[in-house]
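Okay, here's what each chain looks like letter by letter:
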Amino acid sequence: KKIADSIDKLGKAPVMERYRGPVLFEGEGAVGLLRYSLAPNLGGTPVPEGLNPQEAKNFGGAFTDQVGVRVLAPSLTVVDDPTAREGGGKALIGGYKIDDEGVEAKRVEVVKDGFLKTLLLSRTPSQKGQVSNGHARRTAEGGAFHGSATNLFVNGKGAVSRKALQDRLLATARASG
């Protein structure tokens, strides 16, 4: 009955043409968002010339021009650490000491306080002066290595109750129209 009532209300709700504002992701939705939207695009290897849009999307690296831009909530910091052996008291698999190009793996703070600070780099940097930070793992078309995430840790600060978070979300949404 509860599900049926919810579906009925959704069916009668007005359709929004466009929404631009805050969104709250919880549980598996939050994990999926990071896994499928953020992590694949943290590679700093430039997209090869001549790829069609779908191939470029599969290559990743969509954030190469977003360093310095806010990409997450200001309370979140994201670190990729391929050298970590455990996280949250559990053993991790897939870490490494040396990446696939022979560069020592390094812990990299990718997002700090919601702002993208740097990318995960292979020996093919996206900007002059950049060097690999030991994240060459994924092979792209043509055999080029691409910087990619391994052990991604998301840390938050300023924890509040779920109710307070929902109230903050609604206030922010109203403020942004």
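The text that follows walks through the structure, step by step, so that each part is easy to find. Note that the coordinates shown come from a computational prediction; the quantities given were computed from them, not determined experimentally. (Residues numbered from 1 in each chain as written. Predicted model: local features only at pLDDT ≥ 70, side-chain atom pairs only at ≥ 80, totals over all residues. Heavy atoms only, no water.)

### A word on the pattern of salt bridges
Inference 1: Using the criterion set out here, one finds six salt bridges in the structure.
Inference 2: The salt bridge involving Lys1 is made with Asp5; its shortest N-O contact spans 3.6 Å.
Inference 3: In this structure, Asp8 and Lys12 form a salt bridge, with 3.1 Å as the shortest nitrogen-oxygen distance. Placement of both Asp8 and Lys12 in helix α1 (residues 2–12) is noted, with a separation of four residues, approximately one turn of the helix.
Inference 4: Since its relative accessible area comes to 40%, Asp8 is described here as partly exposed.
Inference 5: A relative accessible area of 65% places Lys12 in the exposed class. (Salt bridge = Lys/Arg side-chain N within 4 Å of Asp/Glu carboxyl O. Helix = DSSP H or I, 4+ residues; strand = E, 2+ residues; numbered from the N terminus. Buried < 20%, exposed > 50% of the residue type's maximum accessible area, 1.4 Å probe, protein only.)

### With respect to the sheet that holds strand β1 (residues 76–80)
Inference 1: Read from one edge of the open sheet, four strands run β5-β4-β1-β8, paired in antiparallel fashion. Each edge of the sheet is formed by a strand with only one pairing partner; in this case those strands are β5 (115–116) and β8 (152–156).
Inference 2: Bridge count for β1 against β8 is five bridges, and the pairing is antiparallel. Counted as the bridge partner of Asp80 is Leu152 from β8. (Pairing = 2+ DSSP bridges.)

### Some thoughts on the layout of surface pockets
Inference 1: For the largest pocket, the calculated volume is near 1200 Å³.
Inference 2: Lining of the largest pocket is provided by 31 residues; of these, Val23, Leu24, Ala73, Ser75 and Leu76 occupy positions nearest its centre.
Inference 3: It is helix α2 (residues 27–38) that provides the largest number of residues to the lining of the largest pocket, a total of seven residues.
Inference 4: A breakdown of the residues in the lining of the largest pocket according to their chemical character gives 20 nonpolar, six polar and five charged. (1 Å grid on protein atoms, 1.4 Å probe; cavity = no way out; pocket = protein on both sides within 12 Å on 5 of 7 lines; lining within 4 Å. Points joined across faces, edges and corners; volume = space filled by probe spheres on them. Nonpolar A, V, L, I, M, F, W, Y, C, P; charged D, E, K, R; others polar.)

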